[in-house]
Amino acid sequence: MVLNFTAIEAKVYEEIKKQKEIDLDYLLAIDESKDKIRRAVETLKSQGTIEEVIEKEPFYELDCNGIDALENGFIDERFYNYLKEHEVSISQINSLEISKLKKEEVVLAFGILKKEQLIEIIDGKIVLRKDSSEKYDELKKTLQQIKNQEKIISLNALEELQKRKEFIVKKEKQKKSYKFLNLINYEILEDQILYLTPDILKSKEISNLDFKEFEVTKLPVPKDIGRIHPLRLVFRQIREVYLEMGFKEMKGPYVETCFWNMDAMFISQNHPARDVQDTFYLEKKGDLPKDQELISKVSEIHNNGWNTGSTGYKYVWDLEMAKKLVLRTHTTATTYRTLYNLSKEEKENSKYFCIDKVFRNETIDFSHLPEFHQAEGFIIGDDLSLGDLMAFIKEFFKKFGITKVRFKPTYNPYTEPSVEASGYHEKTKTWLELINAGIFRPESLAPFGINKTVIAWGFGIERLAMFIYQKPIKDIHGDEANLDWLRDYVVPKTEI
Ligand code: PHE
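### A closer look at the nonpolar core
Ranked by internal contacts, the top residues of the largest apolar core, which has 44 residues, are Ile238, Tyr242, Trp457 and Phe459. With residues up to four places along the chain from it excluded, the contact list for Phe459 reads Ile238, Tyr242, His373, Gln374, Ala375, Phe396, Phe397, Leu434, Ile435 and Leu464. One finds Tyr82, Leu113, Ile126 and Ile168 within the second-largest nonpolar core, a separate group that totals 31 residues.

Take a look at the structure:
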């Protein structure tokens, strides 16, 4: 069989044939275009003409003490040189003033010289034993070789430098080389076109063009590289769905006052969700909004229902309790901040969503983490009903491929009626709770001057991810995440 080669393929082939085995660096020097050489190597590899050999090669780099020693000499060398000119007794060791040597370095240097038997103590005096200049020259020469990435000549010196702390660091680099395997017959095809450019199209007749053939059936070796986490993709998908439906995004802080996390939405100050078991409290207290009118409306609503017709909780609302700082337990804190800041028009008609992190003081188990993500939203408008809310929820989850959804009544202090929806999880053939929703109670809207109907909902994003990927959450993220899957997962198609 005669293979068709480009000129560069032939050149690479001949070179490797001649050398039998050749380093990549050497091979890359045989032609100007390194890309062409690499491509030729790949072609020859795939034909089985040559074989790639990858070896790990150790090399060294200077560390901080190595750099210093190369510039200023070793500290023991400096001390040795000082001893050449000064008579020093052992009792002086701790009090010597030597330029460029700190006190603790003198002691260290003394220790090294002693160990290396370059000095001895005679009658309390430090006496030099043998000339050390050769040894230091060799160490410095080796440091210089390391600095220049040259071949290291003295293995003794290398060993000593490795023993000394922070003089050199050992690293590894990959060395690629190519081995010649098989003789083949080839023919050089000049003028084969690799890339079609506008110029070629303009100057030649298309039917006469001779294109280089590409091997397109072989897949490249998968690389271990970072990629977008599947959970992050779910965030993106949710955001896209909301934006397409005309929602605006809202953002709020992780650290919240109880006022925004609970009081403003008419959660009673005795509610069990306020317990330390459920909520992470911080030590310090936060500031309440400066708007005194808002504070007194919220207070009245809790005490006696204010103008809403409700009786409220019939207690005395505690301002200090509302100042406590917590890690937001739900993104509904952000919803209520947003309700407060809406323009007059938006208080009649608007749609907002939030995708963010929340915190709950949960014991970690297979379906609970103390940190997780919620996506929530609300719609303010006329004539909105529970039916609208349920239709919205169905429509929303359909976009993520969840078509079997069922509802049941539930309870929230700030919504009435409240509804919980579950979705059918195909993999485990079970119904899993998906979303909590409802119509905001008038007591939770009156302080913000909102008289329209507000339908609202919130759901755990990790839950939705379990539906999308049909996997338990522990496989998707956390310590036990399934790394093989994270590396190779395919993003499922949705109806977006
Ligand atoms: N805050 C609720 C939760 O954390 C979700 C929710 C938001 C329910 C808005 C009703 C309305 O589960």
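### Examining a nonpolar patch on the surface
Taken together, the side chains of Leu196, Leu201, Ile206 and Phe211 make up a nonpolar region of the molecular surface, amounting to roughly 360 Å² of accessible area. You can see Phe211 is positioned in the loop between α9 (198-203) and α10 (230-244). When its relative accessible area of 35% is taken as the criterion, Phe211 is described as partly exposed.

### Quick notes on the site of the ligand
Around the ligand, 14 residues are found, and the nearest of them are His330, Thr332, Arg360, Gln374 and Tyr414. Separating a nitrogen atom of the ligand from a side-chain N or O atom of Tyr414 is a distance of 2.8 Å. Within the side chain of Asn436, an N or O atom sits 3.3 Å from an oxygen atom of the ligand. Computed on the free molecule, the ligand has an accessible area of 330 Å², of which 93% lies beneath the protein chains in the complex.

### Topic: the domain arrangement of the protein chain
When its domains are assigned, the protein chain resolves into domain 1 (2-55 + 175-208), domain 2 (64-166) and domain 3 (231-488). Distance between the C-alpha centres of domain 1 and domain 2: 54 Å.

### Description of the pairing of strand β4 (residues 119-122)
A regular strand places its side chains so that they alternate between the two faces of the sheet. Sheet topology places β4 next to strand β5 (residues 125-128); four bridges connect them, and they run antiparallel. Paired with Ile122 across the bridge in β5 is Lys125. Counted between consecutive antiparallel strands, the loop separating β4 from β5 contains two residues, among which Asp123 sits at a positive phi close to 50 degrees.

### Considerations on the sheet that holds strand β3 (residues 50-62)
Spatially, three strands are ordered β2-β6-β3 in an open sheet, and the strand pairing comes out antiparallel. Sheet topology places β2 (21-23) and β3 at the edges, where each strand pairs with a single neighbour. When the angles between neighbouring strand axes are averaged without regard to direction, this sheet yields 30 degrees. Bridge count between β2 and strand β6 (residues 168-180): three bridges; the pairing is antiparallel. In the strand pairing of β6, Glu21 is matched with Lys179. Sitting on the sheet, helix α3 (residues 34-47) touches β3 and β6, and the angle it makes with β3 is about 130 degrees.

The rules behind these values
- Per chain, residues are indexed from 1 in the order of the written sequence.
- Per-residue local features are limited, in this predicted model, to residues with pLDDT of at least 70; the limit for side-chain atom pairs, both in listing and counting, is 80 or more; totals at the level of whole chains, interfaces and linings are taken over all residues.
- Where side-chain values are given, they derive from all heavy atoms of the structure, hydrogens and water being excluded.
- Put simply, buried Ala, Val, Leu, Ile, Met, Phe, Trp, Tyr and Cys residues joined by side-chain atoms within 4.5 Å make one nonpolar core.
- The classification of residues rests on relative accessible area computed with a 1.4 Å probe and restricted to protein chains. Under 20% of the type maximum is buried, over 50% is exposed, and intermediate values are partly exposed.
- The contact rule is simple, with two residues in contact once any of their heavy atoms fall within 4.5 Å.
- Only residues whose relative accessible area exceeds 30% and that take part in no salt bridge are eligible for patches, with like-charged residues grouped when within 9 Å of each other and nonpolar side chains (Val, Leu, Ile, Met, Phe, Trp, Tyr) grouped when within 5 Å.
- Each accessible area value is a Shrake-Rupley result obtained with a 1.4 Å probe; residue values ignore everything except the protein chains displayed when judging cover.
- Take a side-chain nitrogen of Lys or Arg and a carboxyl oxygen of Asp or Glu: if they are within 4 Å of each other, that pair is a salt bridge.
- Comment: elements are numbered from the N terminus, with helices defined as DSSP H or I runs of at least four residues and strands as E runs of at least two.
- Whether a residue is near a molecule or strand depends on its heavy atoms: it is near if one of them lies within 4 Å of it.
- Residues adjacent in sequence count toward polar contacts only when both atoms are side-chain atoms; beyond that, a polar contact is any pair of N or O atoms within 3.5 Å, and within protein one must be able to donate a hydrogen and the other to accept it.
- Domain start and stop points were drawn from an automatic or database domain assignment.
- At least two DSSP bridges between two strands are needed for those strands to be called paired.
- Note on definitions: angles span 0 to 180 degrees between N-to-C directions of axes, and those axes are lines fitted to C-alpha atoms, for helices only across the stretch in contact.

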